[in-house]
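Structure at a glance
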Amino acid sequence: MFGSHHHLAPIPREASGRDSAARGAGALLVLTALVTAVSAVTRVSADADFQPSLQDTLEAIADQSVLYGLGGAARLVSGVTLGAAAWFLLRTSIIRLRLGSPAVPGLFLLSGVFTAASGLCAVVLALAAPEINPLIESSALVRWLSGKIGFALSGLALVVASRYRWKAGGALRRIAPVSGILGLAMQFIWIDSATLAHPIVGGAFFLWLLAVGFLLFTGRTEELFRKMVTSDSPT
């Protein structure tokens, strides 16, 4: 799940118990996945973001202002929950004991900030459409750009996470290479011609959030700690 190249330190006795920070991070990642799904469904249903011009987009938003506003609010919440999950991840034993790289939660934190900004701008558009003024034009641009940056940063976090030691074994051994491939695929958000693939990649990211969130929440990290230390201990 988290990439690391540091020397593995012995696990102190207090870290062998249930990691409350990991549980909090796991719960928030699952919540992020669920709220993100709401945002995606409402956004697609509103059918406003893929119009040929800003005026057409605003008119479509005005026709579906409640639905579009709900999607924006859900995206805003998903950014906040992802950022909160990153805050908890930074405090897990995985990071404190140098079993993982702080770059992963750091990238998720930045992703949450940009995602929340995108959602906030979507709410502004829902409230103001179909009027066009400098504020609306700026909000539309920031919504588009920050949304892509947020998604791409989460993808980079997955790429870094894929460096997790293969010898850890278990569920994360299977997730690690998938994380890297998915993270790279998420960078295609910048390619307009790959639009048809975006829902597939987004769905895969949703499943990744659920899977890793579940592993963290259920305390599976404790088992991974033992395996990593055992496999790296001199015989």
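On a predicted model such as this, the values are computed, not experimentally measured, just so you know.

Turning to the overall build of the chain, a few remarks are in order. Scanning the chain from terminus to terminus reveals nine helices and zero strands. Along the chain, helices (α) and strands (β) appear in the sequence α-α-α-α-α-α-α-α-α when read from the amino end. Counting only residues that meet the buried cut, the chain has 46% of its 235 residues in that class. Look at the contacts in the chain between residues 6 or more apart in sequence, and 80% of them connect residues 24 or more apart. Looking at the chain as shown, the accessible area adds up to about 11,500 Å², and 69% of this sits on carbon and sulfur atoms.

What follows covers a nonpolar patch on the surface. On the surface, Leu-141, Trp-144, Leu-145, Phe-188, Trp-190 and Ile-191 cluster together into a nonpolar patch covering about 580 Å² of accessible area. Here Phe-188 is to be found in the loop between helix 7 (170-185) and helix 8 (198-217). Since its relative accessible area comes to 44%, Phe-188 is described here as partly exposed.

Let us now look at the packing of aromatic side chains. For any pair of aromatic rings, the description consists of the separation of the ring centres together with the inter-plane angle of the planes. Using the criterion set out here, one finds four aromatic pairs in the structure. Relative to Phe-88, the ring of Trp-87 lies with its centre 5.2 Å away and its plane at 85 degrees, an arrangement referred to as edge-to-face. Note on Phe-205 and Trp-208: the rings are 6.4 Å apart at their centroids and 20 degrees apart in plane angle, and the pair reads as stacked. A residue pair is termed a helical-turn pair when its members lie 3 or 4 positions apart in one helix, as Phe-205 and Trp-208 do in helix 8 at three residues. The exposure class of Trp-208 is buried, given its relative accessible area of 6%.

Let's shift gears to the pattern of salt bridges. This model, assessed by the stated rule, comprises two salt bridges. Among the ionic pairs, Asp-49 bridges to Arg-143, the shortest N-O distance being 3.7 Å. Linking Asp-49 in the loop between helix 1 (20-46) and helix 2 (54-63) with Arg-143 in helix 6 (residues 134-161), this pair joins segments that are 94 residues apart in sequence. With respect to burial, Asp-49 and Arg-143 carry one shared label: buried. Taken together, the shared-partner salt bridges connect Arg-43, Asp-49 and Arg-143 into one network.

This next bit is on helix 6. Its 28 residues give helix 6 an end-to-end C-alpha distance of 40 Å, which sits within 8% of 40 Å, the value for a rise of 1.5 Å per residue. Capping the start of helix 6 is the job of one residue whose side-chain oxygen sits 3.0 Å from the backbone nitrogen of Leu-135: Asn-133.

Moving on, we get to the side chain of Ser-111. By the secondary structure assignment, Ser-111 is in helix 5 (residues 103-128). Excluding residues that lie within four positions of it along the chain, Ser-111 makes contacts with Leu-82, Gly-150, Phe-151, Leu-153 and Ser-154.

Our next topic: the environment of Leu-135. With respect to the helices, strands and loops of the structure, Leu-135 is situated in helix 6. A C-alpha to C-alpha distance of 9.3 Å links Leu-135 and Val-124, two positions eleven residues apart in sequence.

A few words on the side chain of Thr-32. Structurally, Thr-32 is set in helix 1. With relative accessibility at 3%, the residue Thr-32 sits in the buried group. One polar contact links the side chain of Thr-32 to the main-chain amide nitrogen of Leu-82, over a distance of 3.3 Å. In this structure, Thr-32 is in contact with Ser-78, Thr-81, Leu-82 and Leu-209, ignoring residues within four places of it in sequence.

Next up on the list: the environment of Gly-213. Tracing the chain through its elements places Gly-213 in helix 8. Using a relative accessible area of 0% as the deciding quantity, one classes Gly-213 as buried. Separated by 186 residues in sequence, Gly-213 and Ala-27 have C-alpha atoms that sit 6.1 Å apart.

Calculation criteria
- Residues numbered from 1 in each chain as written.
- Predicted model: local features only at pLDDT ≥ 70, side-chain atom pairs only at ≥ 80, totals over all residues.
- Heavy atoms only, no water.
- Helix = DSSP H or I, 4+ residues; strand = E, 2+ residues; numbered from the N terminus.
- Buried < 20%, exposed > 50% of the residue type's maximum accessible area, 1.4 Å probe, protein only.
- Contact = heavy atoms within 4.5 Å.
- Areas by Shrake-Rupley, 256 points an atom, 1.4 Å probe, with all protein chains shown as cover.
- Patch = residues over 30% accessible without salt bridge, like charges linked within 9 Å, V, L, I, M, F, W, Y side chains within 5 Å.
- Salt bridge = Lys/Arg side-chain N within 4 Å of Asp/Glu carboxyl O.
- Phe/Tyr/Trp six-rings, centres within 6.5 Å; stacked < 30°, edge-to-face > 60°.
- Expected span 1.5 Å × (residues − 1).
- Polar contact = N/O pair within 3.5 Å; in protein donor to acceptor, adjacent residues only side chain to side chain.

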